[in-house]
Structure formats: C-alpha cells, structure tokens
Amino acid sequence: MAAPDPQQAADPAAVKRHPALFRAIRKRRNPRLRRTDITVTDDAAVKRAVKAASLGNAMEWFDFGIYSYLAVTIGHVFFPSGNDTTQLLSSFATFAVAFLVRPLGGMFFGPMGDKVGRKKVLALTMILMAVGTFAIGLIPSHDTIGVWAAVLLIFFRMLQGFSTGGEYGGASTFIAEYAPDKRRGFFGSFLEFGTLAGYVGAAGLVTALYALLNDAQMEAWGWRIPFLVAGPLGLVGLYLRLKLDETPAFQKLEGGTAHASEAADGVEATAKGDLAKIFRQYWPTLILCICLVGAYNITDYMLLSYMPTYLSDELGYSETHGLLILLAVMVFLMTIIAQIGKLSDRFGRKPLLMTGMLGFLFLSLPAFLLIRVDGILPITIGMLMLGLSLVCMLGTMSAALPALFPTNVRYGSLSVGYNLSASIFGGTTPLVITALISWTGSNLMPAYYAMAAALIGVIAVACMKETAQQPLIGSPPSVETDEEAAELVQAQAPDPKF
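Residues numbered from 1 in each chain as written. Predicted model: local features only at pLDDT ≥ 70, side-chain atom pairs only at ≥ 80, totals over all residues. Heavy atoms only, no water.

Caption draft 1: The arrangement of the environment of lysine 119 in detail. Along the chain, lysine 119 falls in helix 8 (residues 118-136). Once the C-alpha coordinates of lysine 119 and alanine 53 are considered, the two residues, 66 residues apart in sequence, prove to be 9.7 Å apart. (Helix = DSSP H or I, 4+ residues; strand = E, 2+ residues; numbered from the N terminus.)

Caption draft 2: Examining the side chain of serine 163 more closely. Counting through the fold element by element, serine 163 comes out in helix 10 (residues 147-164). One polar contact links the side chain of serine 163 to the main-chain carbonyl oxygen of glutamine 160, over a distance of 2.9 Å. (Polar contact = N/O pair within 3.5 Å; in protein donor to acceptor, adjacent residues only side chain to side chain.)

Caption draft 3: Just unusual backbone geometry, in detail. Phi at glutamine 469 takes a positive value of approximately 60°, unusual for a residue other than glycine. Topologically, glutamine 469 is positioned in the loop between helix 23 (445-463) and strand 2 (478-479). Since its relative accessible area comes to 40%, glutamine 469 is described here as partly exposed. (Buried < 20%, exposed > 50% of the residue type's maximum accessible area, 1.4 Å probe, protein only.)

Caption draft 4: The packing of helix 4 (residues 43-69) against helix 11 (residues 167-178), seen in detail. Here helix 4 crosses helix 11 at 165°, and the two axes come no closer than 9 Å. The orientation of helix 4 relative to helix 11 falls into the category roughly antiparallel. Here helix 4 and helix 11 pass one another in a crossing that is left-handed. Where helix 4 abuts helix 11, its residues Ala45, Val46, Ala49, Val50, Ala53, Ser54, Gly56, Asn57 and Glu60 lie against Glu167, Tyr168, Ala171, Phe174, Ile175 and Tyr178. When the residues that make up the contact of helix 4 with helix 11 are grouped by side-chain class, the tally is 10 nonpolar, 3 polar and 2 charged. (Axes fitted to C-alpha atoms, helices over the stretch in contact; angles between N-to-C directions. Parallel < 35°, antiparallel > 145°, perpendicular 65-115°, else oblique. Left-handed = near helix turned anticlockwise from the far one by under 90°. Contact = heavy atoms within 4.5 Å. Nonpolar A, V, L, I, M, F, W, Y, C, P; charged D, E, K, R; others polar.)

Here it is as structure tokens:
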C-alpha cells in the first residue's frame, strides 16, 4: 500500500506555512525512480524461463489428463465391482484425492519458494511429479495384489498432488517475474499453452491406444504406457529448469544481481516466506484468489478432463469419439491462446476474464443442449462455445493471479490460494458432476454446475483491480529496452522552471 500523502494528512495551514518542508517529506516517502531501479529484461532469458515453466505445466496436466481420460479403464483395473457407476465414482474419488493434498503441497513448497528461490523448488516439484506418475504405471492390478493396488494408487496420486501444490504458483510466479510489464499477459499465456499441450498429448496418446488396442489389452497393460512416458518427460523438464537463473525480482529480495536503490519505494526488501503472515495480512486477497481460481478450475476440469467421460458414460459414445472431438477443440484453442494474452496486455485482464465468466454463465446451457444432440457437428459447436469461453480465462489468469500479491510472499500466497481452491472445487469437479447426474438423472447438471461457478467468478472479477501494464506489487518496473527505462525516468523528472 502506498504511503499517505503528508500534505493531505497535515493541517492545511501548516502546509501553507512550511511548503518546502512538506515537499521534502513527499520526496522522501515517494522518491522518483532512478535508472538503476528499473529492470531491463533479457529477451533470451525470458523465453528460456517461459519454455521451462510451460514444459513443467504441460507435464503436470499430461499426468492429470491421462488419469481422467483413462478413468473408466482404471476403474476396472483397481476397483472391481459389478456396478459401472461405482467403479467410475471410485476412480474419480482417487482423482480427487490428489487435490486434497494439494493445499499441503502449496503450504510447504510456496513459502519455501519465497525463502530459497523459485528455481530450486520448481526443480524439486518436477522430480516428485515424474516419480509419482511413473510409479503409477508400475502398480500391479487388483487381481494381482488385491486391495493393495488401490492403496498404492492412492499413495502415488497423493504424491502427485503434493508436488503439484508447488507447481502452478511457482511457474506462474516465475514467468510473471521474468516478463516485462507490458507483455506479461502474452508471456503468461504460454503457461496455459503448456496446460493445453499436456492435455493434447494425453488425449492423443490415449486415443491412439484405444484405437490400436481392444478392451482386454487396455486393461491388461495398455493403460500403463502413458504413465511410463512421464519419466523421460520429467528428466527433460528438470534439465531445462536447472539451466535457468533465478528471477530478477527474487534476486532483488536476496540482494543479488538485480540491484535497486531506495527510490524503488514499493519494493520489498526481505524474503521471509511466513505462512502465518500470508493468512494474517493477505486473507482478503486470498479469498479473491480462491474465488477466481474456483470458477476457473471448475469450468476447466469440466471441459478438459470430464467431457470425454461425459460423452462416453452418459451419452453412450465411444471413448475415442469424445477424445477426438476434444482433441480438435484443444488444438484450436492452442492456436489462439497467445493472442488472448496479447489482448489482455492491450485491453486489461478484467475485460478478458469477465468475457470468459459471462460466456460460461450464458452459454453453458445452450452448449450442453447442443452436445446432447446426436452428431459430430452439434457436439463440436457446443464444445467450441465452452472452449472459447475457457480460453479467455486460460490466456489471462496466469498473468492476473501473480499480480495479486507482493514479491516477498507471491509464491507462497499464490500456491496456498490456488491449491486450496483447486482442492475444494477443481479436482472434485468430475466426482461432483458424476454424483449429481446419478442423483438427479439429469444430463444437464454439468451446465448448471458451470453456471454457478461462473456467477461467483463474475463477482470476483468485478472486485479485482486492473493490473495490466503495471509493475508487480513489491517489484520495480520491468521493461524490454533501455529506451523504455529512460522514458520512465524522464516521465518522473520535474518540469523545468524558468
């Protein structure tokens, strides 16, 4: 928060008697920027950071995507039962288990990232995620070791969830702190490009397996292949992340190479990573973050994770049918997501986020009515309506969320807020929707659930501040060229008096 203007707080008569004194106080409290305060970004370093963070995010969603797309098969392998709905609910309950421990991961890795650095923690979360996913591919079936198969599945799903607790908050923080202020939306959009790439990779691989293998082969060994692929992917992501330097904003906190003078008044000077401080001082922003992420995650998981199961289990299409349509929609969204990021830089985060929320509020029901119509064209149009609403959030959220918190608690606060919301709302989405359809008998429950989430999102977006083209809280301005830095300094210089 900016310091109060001493001229407004003081007695007007005193200000009139001592104008020089009050001018000096104002300058002391709000000094002008010096050239050394401003971070001039290295374009090559920014691109390396974006690549490494996005690949990690792609791997995270590849891991979660393959589980949700193989939910029916996994239900047969690990939860034998005569009732298909019971198997599916058991499989989605195990999917949700990973999200229950995500807040613990966020509380552990988030403050650690504010203490020891973003780079080290992101490397650690990558290792744990790869180990957890690879191990799932090695678990014997229920027929081989009985109930221990389900126990091991739940354990490694919890390891996945725990590591993921430090992934999104760290990756989005990493990109936000590297990117120049005027292009943070564009570079941040590549994090969610990674999300879509992970889902596309998962959907493509699972679709190919369903096409090449019969049900018996899929249940015997075919389902293991996507999980085993995660091991080599994790090593590639780890290599890229270990090659990176720490972010300029964190180096400033640690007194490293990104120096700044006392003129950067809003810049935090310590990195305590205090979890209690986050809840005590930033709880209003945490609540705002939870609401934004809740609305975003419910709609995200409904479309990208649950939809193939909805088409196959509720509407009777083959697994391949639903996955192919979703695959086409996601590839289309990948082609436009960077443009959405650019639009958020130009017009602001709030207009783009509000467009996405209102899209789900008003288009969810028409979209699901189209999806229920028999035929590829109406299903594709319905999913595109949902996809275009979602991409407005995907391309904007990764730049909007890190800007909510100051640098010294950004990783921790975002990890806690994001993962609390993801745990309560995101990971439970397939389970809740499946249960609601079972209880009510209505195939339109996903639309109603998305509309309720979007309504909360509309209120949250209305309450947030616009942060586009502005420095991150607690960090000095970040620009692309020396000329921009000089212009910023010149803009604060006093007008000459003749």
